[in-house]
Amino acid sequence: MTDSPLTVTTLFHFGPVPITTPVVTTWGLMAVLAIGSALATRRLTLRPGALQTALELLVCGIAEQIRAIIRSDPTPLMPLVGTLFIFLATANLLGLLPGLEPPTAHLETTAALAGIVFVATHVYGVRSLGLKRYLAGFAQPVWIMLPLNIVSEFTRSISLMVRLFGNLMSGVFIGALVLSLAGLFVPIPFMALDILTGLVQAYIFAILAAVFIGAAIGATDRS
Amino acid sequence: MNYVEHVSIVAAAFAVSFGALGPALAEGRAVAATMDAIARQPESAGVLSRTLFVGLAMIETTAIYCLVIALLLLFANPYVR
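Residues numbered from 1 in each chain as written. Chains lettered and ligands numbered in written order. Predicted model: local features only at pLDDT ≥ 70, side-chain atom pairs only at ≥ 80, totals over all residues. Heavy atoms only, no water.

- As recorded by an unreviewed UniProt entry, chain B carries the name ATP synthase subunit c and is attributed to Neoroseomonas lacus.
- The record held by UniProt for chain B lists under Sequence similarities (unreviewed entry) the comment "Belongs to the ATPase C chain family." (UniProt positions renumbered as here; feature names shortened; annotations may be inferred.)

- If you check an unreviewed UniProt entry, chain A appears there as ATP synthase subunit a from Neoroseomonas lacus.
- Note on chain A: under the UniProt heading Function (unreviewed entry), the record states "Key component of the proton channel; it plays a direct role in the translocation of protons across the membrane."
- According to its UniProt record, chain A has this under Sequence similarities (unreviewed entry): "Belongs to the ATPase A chain family."

**Some remarks on the interface of chain A and chain B**
Piece 1. If you look at the interface, chain A gives 24 residues, while chain B gives 15 residues.
Piece 2. Where chain A abuts chain B, roughly 1,500 Å² becomes buried across the two surfaces, and 79% of that area is made up of carbon and sulfur atoms.
Piece 3. The largest contributions to the chain A side of the interface with chain B come from L6, V162 and R163 of chain A, which together make up 27% of the buried area.
Piece 4. On the surface where chain A and chain B come into contact, there are three residue pairs in polar contact (both at pLDDT 80 or more).
Piece 5. Elements with a minimum of two residues in the side of chain A that touches chain B: α2 (50-70), α6 (146-181) and α7 (188-216) of chain A. (Contact = heavy atoms within 4.5 Å. Buried area = accessible area lost by both parts, 1.4 Å probe. Polar contact = N/O pair within 3.5 Å; in protein donor to acceptor, adjacent residues only side chain to side chain. Helix = DSSP H or I, 4+ residues; strand = E, 2+ residues; numbered from the N terminus.)

**Points about the pattern of salt bridges**
Piece 1. Applying the stated rule across the entire model yields three salt bridges over all chains.
Piece 2. Salt-bridge contacts for E64 of chain A lead to R67 of chain A; the nearest nitrogen and oxygen are separated by 3.6 Å. With E64 of chain A and R67 of chain A both in helix α2 and three residues apart, this pair spans about one turn of that helix.
Piece 3. With its nearest N and O atoms 3.8 Å apart, the salt bridge here joins D36 of chain B to R40 of chain B. Taken together, the residues D36 of chain B and R40 of chain B, both in helix α1 (residues 3-40) and four residues apart, mark about one turn of the helix. (Salt bridge = Lys/Arg side-chain N within 4 Å of Asp/Glu carboxyl O.)

**What about helix α1 (residues 21-40) of chain A?**
Residue and element names in this part refer to chain A.
Piece 1. If you check α1, its first and last C-alpha atoms are 28 Å apart, about what 20 residues at 1.5 Å a residue would give, namely 28 Å.
Piece 2. Among the residues of α1, those classed as buried are P22, T25, T26, L29 and A40. Angularly, the buried residues of α1 cover 100° about the axis, an arc narrow enough to put them on a single face. Across α1 from its buried face, at more than 90 degrees, point the exposed residues W27, I35 and L39.
Piece 3. If you follow the buried residues of α1, they end up packed against β2 (17-20), α2, α3 (78-92) and α4 (107-129). (Expected span 1.5 Å × (residues − 1). Buried < 20%, exposed > 50% of the residue type's maximum accessible area, 1.4 Å probe, protein only. Arc of directions from axis to C-beta.)

**Considering the nonpolar core**
A general tendency of soluble globular proteins is for nonpolar side chains to be buried together.
Piece 1. Core analysis: the biggest nonpolar cluster contains 47 residues, and L77 and F205 of chain A have the highest contact counts within it.
Piece 2. Among the elements of the structure, α2, α3, α4, α6 and α7 of chain A together with α2 (45-75) of chain B are those that each provide at least two residues to this core.
Piece 3. Counting residues per element, this core draws most heavily on α7 of chain A, which supplies eleven residues.
Piece 4. What L77 of chain A contacts, discounting residues up to four positions off in sequence, is I66, I70, G82, Y124, A210 and I213 of chain A. (Core = buried A, V, L, I, M, F, W, Y, C linked by side-chain atoms within 4.5 Å.)

**Some thoughts on the packing of α2 of chain A against α7 of chain A**
Any two packed helices are characterised by how steeply their axes cross, that is the angle between the axes, and by the distance between the axes.
All names here are of chain A.
Piece 1. The contact between α2 and α7 brings their axes to 9 Å, and the two run at 40°. Considering the angle they form, α2 stands oblique to α7. For the pair α2 and α7, the sense of crossing is right-handed. In this structure, α2 uses Q65, I69 and I70 to contact α7, whose residues at the interface are Y203, I207, A210, V211 and G214.
Piece 2. When the residues that make up the contact of α2 with α7 are grouped by side-chain class, the tally is six nonpolar, two polar and no charged. (Axes fitted to C-alpha atoms, helices over the stretch in contact; angles between N-to-C directions. Parallel < 35°, antiparallel > 145°, perpendicular 65-115°, else oblique. Left-handed = near helix turned anticlockwise from the far one by under 90°. Nonpolar A, V, L, I, M, F, W, Y, C, P; charged D, E, K, R; others polar.)

**What about the packing of α1 of chain B against α2 of chain B?**
Piece 1. Relative orientation of the contacting elements α1 of chain B and α2 of chain B amounts to 175°, with a least axis distance of 8 Å. As the angle between them shows, α1 of chain B and α2 of chain B are arranged roughly antiparallel.

**Considerations on a nonpolar patch on the surface**
All names here are of chain A.
Piece 1. On the surface, a cluster of nonpolar side chains totalling about 480 Å² of accessible area is made up of L11, F12, F14, V17 and V24.
Piece 2. No other element matches the three residues that strand β1 (residues 10-14) contributes to the nonpolar patch.
Piece 3. Along the chain, L11 falls in strand β1.
Piece 4. Since its relative accessible area comes to 49%, L11 is described here as partly exposed. (Patch = residues over 30% accessible without salt bridge, like charges linked within 9 Å, V, L, I, M, F, W, Y side chains within 5 Å. Areas by Shrake-Rupley, 256 points an atom, 1.4 Å probe, with all protein chains shown as cover.)

**Quick word on the side chain of T20 of chain A**
Residues and elements named next belong to chain A.
Piece 1. Within the fold, T20 resides in strand β2.
Piece 2. Classification of T20 by relative accessible area gives buried; the value is 14%.
Piece 3. Setting aside residues up to four positions removed in sequence, T20 forms contacts with V8, T9, T10 and L11.

**A closer look at the packing of aromatic side chains**
Piece 1. Under the criterion given, the structure shown has five aromatic pairs over all chains.
Piece 2. Their ring planes at 75° and their centres at 5.4 Å tell us that Y134 of chain A and F138 of chain A sit as a pair that is edge-to-face. Taken individually, Y134 of chain A and F138 of chain A each receive the classification buried, so the pair is uniform in this respect.
Piece 3. When the ring of F14 of chain B is compared with that of F18 of chain B, the centres are 4.8 Å apart and the planes differ by 50°; the resulting orientation is tilted. Residue F14 of chain B and its partner F18 of chain B are located together in helix α1, separated by four residues, close to a single helical turn.
Piece 4. Its guanidinium or amino end placed over the ring of Y124 of chain A, R127 of chain A lies 5.7 Å from that ring's centre, counting from NZ or CZ.
Piece 5. If you follow R156 of chain A out to its NZ or CZ, it ends over the ring of F212 of chain A, 4.2 Å from the centre. (Phe/Tyr/Trp six-rings, centres within 6.5 Å; stacked < 30°, edge-to-face > 60°. Lys NZ or Arg CZ within 6 Å of the ring centre and 35° of its normal.)

Here it is as structure tokens:
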């Protein structure tokens, strides 16, 4: 039987702080993505090469998706939502590399990401509407909805967290189970399914972040 | 014997099986309705499929909740010593 998916393994201690495997994986991935992006965008030209064309396709694709949701200029949301999508898409596929497992298959990582989205929603909302109008939005459509609106702020963050964790963790868990049952080629279809799940979940996380922020800045209906 | 463990295992299987039932039916209905709409209006396929994905994620969350409950019962059960 495999280990409990709810616990994390401590790799080493940094002073009194235990450093776990997902933390190391996340920081490694962040370093790879940051250095890779810095290197890839160092020499941008007007006539793009193959790498720049691919990057432009990705960035423009993300911008188009955000524009379709908030129905206005996607530039203010691009740093957050674009980074979330690229990070999650790579993090969710890390399980395909031998010896690594996706950091998003642990509840702590997804909780941190959902927390980022939770804070960012209110920051964007206050910044675009002003504090008073933003807070007044919670009493829409009638004041009796106030407690429900406040509760839904928290429950949707929790569901954002649990959804990503549940999908990724079940993929890792089933992969480990199948591997322990049957050896060589049997896990391959499950890994192919993991690619699909990982990309779809990254897309959904980024889209939902954009929908939440769009609702907070008043671009779409509060949902 | 400690009957709490046995009940937990049965309850975990119960949670996953019935927790998968409802979302499966709901997702089937959602996909069927979207297929219908795309067949009628192929030009709106982009908007429809994006909304479908977000909606499926919402529906799927209930199944994921059941899965997490089952895992809590199996691995983090507070009543098992």
